[in-house]
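Reading the structure
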Amino acid sequence: MAVQKKHKAVKLIRTEPSMMSFPVRLGEVVEFKNGLPGFEHITQYRFRFEDGIQPFLFMDAQDDSGVSFVCVDTFYLVPDYEINMSPELVKALEVDELEDIAVFSIATVGESVQDTTANLMSPLIVNLKSMLGEQVILENSTYPVQFHIWDALQKQKSERKTG
């Protein structure tokens, strides 16, 4: 689906069920021109995967800071997740096709697996073609900052068994 850049916000909804996959090309640098809130000075990150931690992946800073974030495909956690992308964001990320967009949430690893959460209020939006990304803060959203990942994964596991 082509994006018309001169119109209002674009609603991004995944129309196919989310499978356990990593939509971003692992190892390639994604540029966040504005950095991330609190890390504005770091603009380049690389995604990597490690066996045994599915559905998570790491987003490592490409400077010498040692900064790394645990991320998860937001649509994997919440298949009906919706996000409105402003015309300014569409332009900044050089979006031509909505299919080129991946949406990730930064996870906070808790003391136990059950305590691990994902920030659905401030997703990372990545254009897989231009390799440009931006973290956005969703205004007027009901998505939580601390979404309990374990509950969502258990629900999906249960649905797969019955489906």
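Here's what I pulled together on the structure shown here. Computed from a predicted structure; not experimentally measured.

1. Considerations on the overall build of the protein chain
- Of regular secondary structure, the protein chain possesses three helices and eleven strands.
- Reading the secondary structure of the protein chain in the N-to-C direction produces β-β-β-β-β-α-β-α-β-β-β-β-β-α.
- In the protein chain, the share of contacts with a sequence separation of at least 24, taken over all contacts with a separation of at least 6, comes to 61%.
- Element-wise, carbon and sulfur atoms account for 50% of the exposed surface of the protein chain, whose accessible area totals about 9400 Å².

2. A few points about the nonpolar core
- Grouped together as the largest cluster of nonpolar side chains are 30 residues, with contacts concentrated most on L77, Y81, M85, L120, I125, L138 and I149.
- Every element with two or more residues in this core is listed here: β4 (56–61), β5 (68–73), α1 (74–77), β6 (82–85), α2 (87–92), β7 (101–108) and α3 (149–162).
- Grouped together as the second largest cluster of nonpolar side chains are 19 residues, F32, L57, F69 and I106 included.

3. Quick notes on the pairing of strand β3 (residues 44–48)
- Taking every second residue as pointing to the same face, the buried face of β3 carries Y45 and F47, while none of Q44, R46 and R48 on the other face is buried.
- Where strand β2 (residues 29–31) and β3 come together, three bridges link them in antiparallel fashion. Paired with V30 across the two strands is Y45, which belongs to β3.

4. Observations regarding the layout of surface pockets
- Estimates place the volume of the second largest pocket at around 380 Å³.
- The wall of the second largest pocket is formed by 21 residues, among which Q54, P55, F56, V113 and L153 lie closest to the centre.
- Sorting elements by how many residues they give to the lining of the second largest pocket places α3 first, with six residues.
- Here the lining of the second largest pocket is built from residues that sort into 13 nonpolar, six polar and two charged.

Thresholds, definitions, all that
Residues numbered from 1 in each chain as written. Predicted model: local features only at pLDDT ≥ 70, side-chain atom pairs only at ≥ 80, totals over all residues. Heavy atoms only, no water. Helix = DSSP H or I, 4+ residues; strand = E, 2+ residues; numbered from the N terminus. Contact = heavy atoms within 4.5 Å. Areas by Shrake-Rupley, 256 points an atom, 1.4 Å probe, with all protein chains shown as cover. Core = buried A, V, L, I, M, F, W, Y, C linked by side-chain atoms within 4.5 Å. Buried < 20%, exposed > 50% of the residue type's maximum accessible area, 1.4 Å probe, protein only. Pairing = 2+ DSSP bridges. 1 Å grid on protein atoms, 1.4 Å probe; cavity = no way out; pocket = protein on both sides within 12 Å on 5 of 7 lines; lining within 4 Å. Points joined across faces, edges and corners; volume = space filled by probe spheres on them. Nonpolar A, V, L, I, M, F, W, Y, C, P; charged D, E, K, R; others polar.

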